[in-house]
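# Observations on the three-dimensional arrangement
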Amino acid sequence: MKIMIVDDEVIIRDGLATVIDWKQLGFHFLEPAESAEEALERLPVEKPDLLLTDIRMEEMDGLTLAAEAKALMPDLEIIVLTGYDDFAYMQQAIRNDVSDYLLKTSRPGDIIQAVLRAAQRIRSKWEASSKVHQKEKEIRKHWFEKLLAGDTGLDLQMAEENVPFFKGAQTGIQSRFQAVMIKAEGWGDGSGSGPLLQFAVENMLREIMDCETLAGKPYLTAVIRHDGGSLEEERYRECFPVIEKLLKCTLYCAAGLSVTAVEELSVSYKQAVQATKYWEMFTHERILSYSMIARRKGWKTVCSRQEEAELSQLLTANDSIRLNQWISTRVSEQLDHPEVTYESYSSYIQSLALAGFRWLERMAAETDALKDGVSDYSTIGSSGDAAMRDKLEQYLETVMTTYHVSVSKGPSAYVQQAIAYIRQNIGSGKLSLQQAAQYVHLHPGHFSEVFKRVTGTTFGDYLIQEKLELAKEMLMDPSVKISEIARAVGYEDVKYFSQQFKRYHAQTPSEYREELTGK
């Protein structure tokens, strides 16, 4: 793709020629023209695809040049540069079918983006005008996708014929292939900025590295060929800053392990896709290799009862700052663990969201409509537009706000707050009616009446039931001694604990465990 600059000011011509690395952007840079007349003489011979011209020049101006150049070469893309922010010029430029209008004060990054938009249009015209080229492109994409997918019925010889990059590839140690996924950011959130930036990165990557690429959402897929002496990660750390500097963007790379045979490429591709999930977890790592995560076994996937109790206390307190600090600490503990995997991390995040929903269920037991108004917690443990941590914070904030705005009024609210307090302090032998009443700022006598009216049982009986329900959960683990369970739920006397358990459940703790676990 050829570009010609037209400007009668030598400082502008030289500046545009040297400030931007046109070759790395995929352009053949023609000798700049010093006037519109010179440009018109050279157009039929040199046939540029893109003209970058000043508007105000001696003799013929840029807009006249644009009109005459279009008459000679209808598919020519033209970008005009001017030192004057004049709406009349813009109107005339539009009438002359100019592709873009930029001020000379524009940053190099703005000029690059304008040029790349024009390059996209040029390539689209080429492909549209050549049905053969378009068909070849579709066939190449089809076979490349089949290679990446590891299609079991794949005709490898046919695939190599239709994807020239792999044709005649050596399968020894001197020729290795590695699938990588590349995410590019930094050109804003506009609907067209993402594809344009990916197009620009793809062009530069093809110039810098021996590769085959496949553009798509949300990442650019590339297969890189490495020779026997190259170290993959070092090559990325060398070439990516070059692309980032020129395009003013930030790149993230997730790489599978390199393979020595084309038919093994799907393994590397699947590993690269798996590695992309870890971008969210390891934000300080811009180049992630599957080798960094392959041996991880996973860590805890469910929050503990203690963590659930702490969360309930924070949600009840309606304290957003402390809640977010607590979430940050829990997440950091997960991410700092050397065995954590994406799957265990996402499961743990989802368990915290579930704990928040359970709190709302307890606190708003009588208001089903309120729970129905809170989104499904099961979507929290998957990545999307927002990071899982951000989603979790937003979800728990919604749960907390929903309750405190809509429910925390009247005697029922005091009782639900007291129930949350009981569950948070269930193992304390000193937990009493007086403590619970003080927590909700009510007189013990009045609190006792309200509690029985709302729950249908006395505070003392409710406390025993909660302790024994927790004991039933703990008895499911045969490794925990009954004496330890008794102390955990607030009973120092194991014999008294057994009596209470049998009174409510018609079995001793040992009998209950044996029936449940067979041990």
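A brief report on the enclosed structure follows. (Residues numbered from 1 in each chain as written. Predicted model: local features only at pLDDT ≥ 70, side-chain atom pairs only at ≥ 80, totals over all residues. Heavy atoms only, no water.)

### Focus on the nonpolar core
Counting residues in hydrophobic clusters, the biggest one holds 47 residues, and the most contacted among them are Leu-25 and Leu-247. Take this core: its biggest share by element is eight residues, from helix α5 (residues 108-129). Contacts of Leu-247, omitting those with residues within four sequence positions, involve Leu-25, Ile-112, Leu-116, Trp-187, Leu-197, Ala-200, Val-201 and Met-204. Within the second largest apolar cluster, 42 residues are counted, among which are Ala-272, Ala-275, Leu-315 and Trp-326. (Core = buried A, V, L, I, M, F, W, Y, C linked by side-chain atoms within 4.5 Å. Buried < 20%, exposed > 50% of the residue type's maximum accessible area, 1.4 Å probe, protein only. Helix = DSSP H or I, 4+ residues; strand = E, 2+ residues; numbered from the N terminus. Contact = heavy atoms within 4.5 Å.)

### Thoughts on unusual backbone geometry
Unusually for a residue other than glycine, Lys-248 sits at a positive phi of about 55 degrees. With respect to the element layout, Lys-248 can be found in the loop between α9 (232-247) and β9 (250-255). Since its relative accessible area comes to 52%, Lys-248 is described here as exposed. With a phi close to 65 degrees, His-441 is a non-glycine residue in the positive phi region. Given a relative accessible area of 71%, His-441 falls into the exposed group.

### Remarks on the pairing of β9
The element β9 is largely enclosed, with a buried count of five among its six residues. Here six bridges tie strand β6 (residues 176-185) to β9, and the two strands are oriented antiparallel to one another. Each bridged residue has a counterpart across the sheet, and for Val-180 the counterpart in β9 is Ala-255. Taken together, the three bridges between β9 and strand β10 (residues 287-289) define a ladder with parallel strand orientation. Residue pairing in the sheet places Ala-255 in a bridge with Ser-289 of β10. (Pairing = 2+ DSSP bridges.)

### Some details on the packing of helix α11 (residues 305-317) against helix α13 (residues 342-363)
For the pair α11 and α13, the least separation of the axes is 10 Å and the interaxial angle reads 55 degrees. Between α11 and α13, the angle is such that the two are oblique. As α11 packs across α13, the resulting crossing turns out to be right-handed. Across the interface between the two elements, Glu-307, Glu-308, Leu-311, Ser-312, Leu-315 and Thr-316 from α11 touch Tyr-348, Leu-352, Ala-355, Gly-356, Arg-358, Trp-359, Arg-362 and Met-363 from α13. Tallied by class, residues from the contact of α11 with α13 come to seven nonpolar, three polar and four charged. (Axes fitted to C-alpha atoms, helices over the stretch in contact; angles between N-to-C directions. Parallel < 35°, antiparallel > 145°, perpendicular 65-115°, else oblique. Left-handed = near helix turned anticlockwise from the far one by under 90°. Nonpolar A, V, L, I, M, F, W, Y, C, P; charged D, E, K, R; others polar.)

### Observations concerning helix α12 (residues 320-336)
For α12, which comprises 17 residues, the first-to-last C-alpha distance of 24 Å matches the rise-based estimate of 24 Å (1.5 Å per residue) to within 8%. Burial in α12 covers these residues: Leu-323, Trp-326, Ile-327, Arg-330, Val-331, Gln-334 and Leu-335. Along the axis of α12, the buried residues cluster in a sector spanning 165 degrees; they form a single face. In α12, the exposed positions that point more than 90 degrees away from the buried face belong to Ile-321 and Asp-336. Measuring from the side-chain oxygen of the N-cap residue of α12 to the backbone nitrogen of Ile-321 gives 3.3 Å; that N-cap residue is Asp-319. (Expected span 1.5 Å × (residues − 1). Arc of directions from axis to C-beta. Polar contact = N/O pair within 3.5 Å; in protein donor to acceptor, adjacent residues only side chain to side chain.)

### Examining the pattern of salt bridges
The full count for this structure, using the stated rule, is 20 salt bridges. When the shortest N-O distance is used, the salt bridge between Glu-46 and Arg-42 registers 2.7 Å. Taken together, the residues Glu-46 and Arg-42, both in helix α2 (residues 36-46) and four residues apart, mark about one turn of the helix. For Glu-393, the salt bridge identified is with Arg-389, shortest N-O distance 3.6 Å. Of this pair, Glu-393 and Arg-389 both sit in helix α15 (residues 388-406), four residues apart, which is roughly one turn of the helix. The class for Glu-393 is buried, based on a relative accessible area of 19%. Residue Arg-389 is classed as partly exposed on the basis of its relative accessible area of 28%. Through salt bridges with shared partners, a single network forms among Lys-300, Glu-307, Glu-310, Arg-330 and Glu-333. (Salt bridge = Lys/Arg side-chain N within 4 Å of Asp/Glu carboxyl O.)

### Let's talk about the packing of aromatic side chains
For any pair of aromatic rings, the description consists of the separation of the ring centres together with the inter-plane angle of the planes. Counted under the stated rule, the structure contains 20 aromatic pairs. Where Trp-22 meets Phe-27, the ring centres are 6.1 Å apart and the plane angle is 90 degrees; that geometry is what we call edge-to-face. Grouping residues by exposure puts Trp-22 and Phe-27 together as buried. Sitting over the ring of Tyr-252, Lys-183 keeps its end group 4.7 Å from the ring centre. Its guanidinium or amino end placed over the ring of Trp-299, Lys-300 lies 5.4 Å from that ring's centre, counting from NZ or CZ. (Phe/Tyr/Trp six-rings, centres within 6.5 Å; stacked < 30°, edge-to-face > 60°. Lys NZ or Arg CZ within 6 Å of the ring centre and 35° of its normal.)

### Digging into the side chain of Glu-244
Following the sequence through the fold, Glu-244 ends up in helix α9. Of note is the side chain of Glu-244, whose polar atom sits 2.8 Å from the backbone nitrogen of Leu-251. Setting aside chain neighbours within four positions, we find Glu-244 in contact with Cys-249, Thr-250, Leu-251 and Arg-286.

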